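Residues per chain are reported as follows:
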Amino acid sequence: MKWFKPLLAVLICAPGFALAQIQDSVFKDYKTFERFVDREAKSRDIATLLSILGGRDELTSEQIRNIEGQFLALYPEDFENVVVFNRKDLGNGITQEARAYWIGLRYVYFYFMLHQRDDELVVLRFSFNSLPDKMLKEF
Amino acid sequence: MSNSVLTAATFALALSALPLSALAQETKPPLPRATYNEAREQMDSLILQRRLGDAIAMFKALEQPDEAERADLDTRLRALYPDDFTDVALVRSEIHKNGFRQEIIAYWNESQYLYVYLLMHTVDNQPRLLNFSFDADFHKLNALF
């Protein structure tokens, strides 16, 4: 049946391969990371999210603009709410986390794999999707 | 087990972002305890009668199928499942954080099974349906966990 909305799925791995630099996706601590992600996600600043969370290495600025355009078409309003709906501690400072942002009945889902080092937090992997099934399977 | 068990593997349906709000009485405000259990009860009763279109119409949705699409869905379901279902059971359930849960519910009769997948988010005691999918193949839905 074809009436459900098209999916939007974006996956970013950071730092990725040898040439990538991780400094883009490093935060002072979890609170700083959370504040940044919630602010940019709620205001739908997808270009900033993609650039800071490693997309700069993987996507051209045109691709980033395209993804943001699709996102804004699918989500015409800023999000009002956020919750973490899944989190798993993998040990040694590595965690997986899934966040839902919504306004009214419109939801988007963000997935992060995070590494808490001695004095900084690294985002190892970042993705978002208009359905959460794929990211729930990662847990 | 009967060897006449049929699987209609071609039948699958996915709906996204179907918020489940006031259920039965559209003219009345939502019951203060329009809980998951009440929603389940009504949905089960409709699906047992193979009234999938009506089960979907229970939900408010961003992109709700229209009447013709719902009728078409029932026609297709009834072609694959000639008899009403007699039994229902929760097969798999996983509670996530902050009101999110995933479930698979089985409906069956003597010869056939239908599986329904739900992803729900409860906000202010109101269950919303964020993803909804049907299949005759349990493993396709099980793979969503």
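Each remark here, short or long, concerns the structure printed above.
In this text, all values refer to a predicted model and were calculated from it rather than measured experimentally.

A closer look at the overall build of chain A
Here is step 1: Within chain A one finds 4 helices and 6 strands.
Here is step 2: Helices and strands appear in chain A in the N-to-C order β-β-α-α-α-β-β-β-β-α.
Here is step 3: Taking all 139 residues of chain A together, the buried fraction comes to 47%.
Here is step 4: Taking the contacts inside chain A whose residues are at least 6 apart along the sequence as the reference set, 56% of them involve residues at least 24 apart.
Here is step 5: Working note: accessible area of chain A is about 7000 Å², and carbon and sulfur atoms make up 50% of it.

Some remarks on the overall build of chain B
Here is step 1: The number of helices and strands found in chain B is 4 helices and 5 strands.
Here is step 2: Its helices and strands in sequence order give chain B the pattern β-α-α-α-β-β-β-β-α, from N to C terminus.
Here is step 3: Out of the 145 residues in chain B, the part that is buried amounts to 48%.
Here is step 4: A separation threshold of at least 6 residues defines the contact pool for chain B, and within that pool the share at least 24 residues apart is 56%.
Here is step 5: Here chain B displays about 7000 Å² of accessible surface, and carbon together with sulfur accounts for 50% of that area.

Here we look at the side chain of Arg 99 of chain A
Residue and element names in this part refer to chain A.
Here is step 1: Among the structural elements, Arg 99 can be located in strand S4 (residues 94-103).
Here is step 2: Within the local environment of Arg 99, its side chain forms a polar contact with the side chain of Glu 97, the two groups lying 2.3 Å apart.
Here is step 3: Separated by 3.3 Å, the side chains of Arg 99 and Tyr 101 make a polar contact.
Here is step 4: Apart from residues lying up to four places away in sequence, Arg 99 is in contact with Tyr 30, Glu 34, Val 37, Asp 38, Val 82, Val 83, Val 84, Phe 85, Val 108, Tyr 109, Phe 110 and Phe 112.

Focus on the nonpolar core
Here is step 1: The biggest cluster of nonpolar side chains holds 26 residues, and the ones touching the most others in it are Phe 110, Phe 112 and Phe 126 of chain A.
Here is step 2: For this core, the secondary-structure elements that each account for two or more residues are helix H1 (30-42), helix H2 (46-58), helix H3 (61-74), S4, strand S5 (106-116) and strand S6 (121-129) of chain A.

Parameters and conventions
Residues numbered from 1 in each chain as written. Chains lettered and ligands numbered in written order. Predicted model: local features only at pLDDT ≥ 70, side-chain atom pairs only at ≥ 80, totals over all residues. Heavy atoms only, no water. Helix = DSSP H or I, 4+ residues; strand = E, 2+ residues; numbered from the N terminus. Buried < 20%, exposed > 50% of the residue type's maximum accessible area, 1.4 Å probe, protein only. Contact = heavy atoms within 4.5 Å. Areas by Shrake-Rupley, 256 points an atom, 1.4 Å probe, with all protein chains shown as cover. Polar contact = N/O pair within 3.5 Å; in protein donor to acceptor, adjacent residues only side chain to side chain. Core = buried A, V, L, I, M, F, W, Y, C linked by side-chain atoms within 4.5 Å.

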